[in-house]
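Examining the three-dimensional arrangement
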Amino acid sequence: MTETILDKIKAYKLQEVAADKAAMPFAAVEAAAKAADPVRPFAQALIAAQTGGYGLIAEIKKASPSKGLIRKDFNPPLLARAYETGGATCLSVLTDTPSFQGKKSYLTEARSATSLPALRKDFMYDPYQVAEARALGADCILIIMASVSDVQAAELEACAFDWGMDALIEVHDQPELDRALRLKSQLIGVNNRNLKTFETSLDTTRTLSRAVPAGRMLISESGLNTPSDLADMAGYGARSFLIGESLMRQADVAQATRSLLANPVAA
C-alpha cells in the first residue's frame, strides 16, 4: 500500500511527541496547563454566532503540504486581530512545523492578541498533546478520525473535556462519521479535503450532512472561498465553517473576512 501524506505526518508526529516527553515531563506540562488562562467557550461561541449569521473558525496557516507557502508576511497576532475585526467567531492555529510551517508559540501569540477562543490545529495522538494544548492556551483540540483508532479518539476527547476544552471531531467519509458519532462531542467537522489524496470537493459536506443528527453541529471545512460557497453549505445544514487558505491569501484579511460573512442566508 502506498504511504499517504497522513501516514508520513503520523510517523514523524509520534517521534516528535516522544522527544517532547523526554524534554518536558508530563507533570510539568500539566502544571503549565493548570496555570494557563481560563478556557474560553469555543462551541458556545459558534452556537451564538449561528443564531444570527454564520460561525467562522478562521485559520492562521502559513503553509500546507499540498500548496507550499501560503502567506509570506506571516504575523499570527496581527492576523488574529484582523480575523476578529472581520467578524470571525473563533481561531484555528496550525502548530505543526514540518508540514505546515507552524509553531506552538503561534497559538499562544494569536490567542493572546484577541478575545476569541482558539483551536489547536495539529495531529493529536497522545494525552500529552492535549495537556500541552491547554498549556499553550487552546480552548479546543482537533481529533482527526482518519488518523486515530476509536480508543485513541475517545481518550483524546475525554482528556480535552477533563481540561474544560471542546473537541472538534473531523471526518471525511461515512465510516469516519459513524465512528465520530459514537463520541460525545457536538462539534462534527466535515473536511472537504481528503487527507489521503488532498483533493477537495464540497460534495463531501453535501453527502455527509444527511447523516449528521440533530444535536450535533455540522462544521464544513476546506475548499470554501466565496459567500456563495457558504450559502450552498448552509443549505445542507452547515452554518459554521473552518476557513484558512482563501483568507490567508488576501492582502486585507479583515475586509476579506467581513465580505465572506456578509449577507448570510436565513437559518
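Scope of this entry: the structure provided in the associated data block.

Bringing the pairing of strand S4 (residues 90–94) into the picture now. Across a regular strand the side chains alternate sides, sitting on one face of the sheet and then on the other. Across the five residues that make up S4, a large majority, five, are buried. Of the two faces of S4, the one carrying Cys90, Ser92 and Leu94 and the one carrying Leu91 and Val93 are both buried. In the sheet, strand S1 (residues 55–60) pairs with S4 via four bridges, with the strands oriented parallel. The partner of Ala58 across the bridge, within S4, is Leu91. Pairing analysis gives four bridges linking S4 to strand S5 (residues 118–121), with the strands arranged parallel. Bridge pairing in S5 places Leu91 opposite Ala118.

We now examine the environment of Lys72. Within the secondary structure, Lys72 sits in the loop between strand S3 (68–69) and helix H4 (76–86). For the pair Lys72 and Arg258, spaced 186 residues apart in the sequence, the C-alpha separation amounts to 22 Å.

The strand order S1-S4-S5-S6-S7-S8-S9-S10 describes a closed barrel built from eight strands, whose pairing is parallel. Across the sheet, the mean angle from the axis of one strand to that of its neighbour is 25 degrees, orientation sign disregarded. With respect to the sheet, helix H6 (residues 127–136) is in contact with S5 and strand S6 (140–144), its orientation differing from that of S5 by roughly 140 degrees.

In this section: the pattern of salt bridges. According to the stated counting rule, one finds 18 salt bridges in the structure shown. Across the pair Lys13 and Asp96 runs a salt bridge whose closest N-O atoms are separated by 2.8 Å. On the criterion of sequence distance, the pair formed by Lys13 in helix H1 (residues 5–23) and Asp96 in the loop between S4 and helix H5 (104–112) is long-range, its members being 83 residues apart. The exposure classification of Lys13 matches that of Asp96, with both residues buried. Of the charged contacts in the structure, one is a salt bridge between Glu132 and Lys104, with a shortest N-O distance of 2.8 Å. Note that Glu132 is positioned in helix H6 and Lys104 in helix H5, a separation of 28 residues in sequence.

Attention shifts here to the packing of helix H2 (residues 26–35) against H6. The N-to-C vectors of H2 and H6 enclose an angle of 35 degrees; their axes lie 7 Å apart at closest approach. Crossing hand, H2 versus H6: left-handed. Only Pro127, Tyr128, Ala131, Glu132, Arg134 and Ala135 of H6 make contact with H2, whose side of the interface consists of Phe26, Val29, Ala32 and Ala33. Grouping the amino acids of the contact of H2 with H6 by side-chain chemistry returns eight nonpolar, no polar and two charged.

A separate point is the nonpolar core. Ranked by internal contacts, the top residues of the largest apolar core, which has 82 residues, are Tyr83, Ile141, Ile143 and Leu187. Not counting chain neighbours up to four residues away, the residues in contact with Tyr83 comprise Ala58, Glu59, Ile60, Ala88, Leu91, Ile243, Gly244, Leu247, Met248, Val253 and Thr257.

Moving on to the packing of H4 against helix H12 (residues 253–261). Where H4 meets H12, the closest approach of the two axes is 7 Å, and the angle between their N-to-C directions is 35 degrees. Of the two elements, H4 crosses H12, and the hand of that crossing is right-handed. Residues Leu79, Ala82, Tyr83, Thr85 and Gly86 of H4 form the contact with H12, whose own contacting residues are Val253, Ala254, Thr257, Arg258 and Leu261.

Looking now at the packing of aromatic side chains. This structure, assessed with the given rule, holds four aromatic pairs. When the ring of Tyr54 is compared with that of Phe241, the centres are 5.3 Å apart and the planes differ by 90 degrees; the resulting orientation is edge-to-face. Of this pair, Tyr54 sits in the loop between helix H3 (42–52) and S1 while Phe241 sits in strand S10 (residues 240–243), placing them 187 residues apart in sequence. Grouping residues by exposure puts Tyr54 and Phe241 together as buried.

The next thing to look at is H3. Buried within H3 are the following residues: Phe42, Ala43, Ala45, Leu46 and Gln50. For H3, the arc enclosing every buried residue in end-on projection is 155 degrees, short of the 170-degree limit, so these residues lie on one face. Opposite its buried face, H3 presents the exposed residues Gln44, Thr51 and Gly52, each directed more than 90 degrees away.

Within the secondary structure, Ser99 sits in the loop between S4 and H5. A distance of 2.7 Å separates a polar atom in the side chain of Ser99 from a polar atom in the side chain of Tyr12. Ignoring sequence-local partners within four residues, the contact set of Ser99 consists of Ile9, Tyr12, Ala63, Ser64 and Pro65.

Rules and cut-offs
- Residues numbered from 1 in each chain as written.
- Predicted model: local features only at pLDDT ≥ 70, side-chain atom pairs only at ≥ 80, totals over all residues.
- Heavy atoms only, no water.
- Buried < 20%, exposed > 50% of the residue type's maximum accessible area, 1.4 Å probe, protein only.
- Helix = DSSP H or I, 4+ residues; strand = E, 2+ residues; numbered from the N terminus.
- Pairing = 2+ DSSP bridges.
- Axes fitted to C-alpha atoms, helices over the stretch in contact; angles between N-to-C directions.
- Contact = heavy atoms within 4.5 Å.
- Salt bridge = Lys/Arg side-chain N within 4 Å of Asp/Glu carboxyl O.
- Left-handed = near helix turned anticlockwise from the far one by under 90°.
- Nonpolar A, V, L, I, M, F, W, Y, C, P; charged D, E, K, R; others polar.
- Core = buried A, V, L, I, M, F, W, Y, C linked by side-chain atoms within 4.5 Å.
- Phe/Tyr/Trp six-rings, centres within 6.5 Å; stacked < 30°, edge-to-face > 60°.
- Arc of directions from axis to C-beta.
- Polar contact = N/O pair within 3.5 Å; in protein donor to acceptor, adjacent residues only side chain to side chain.

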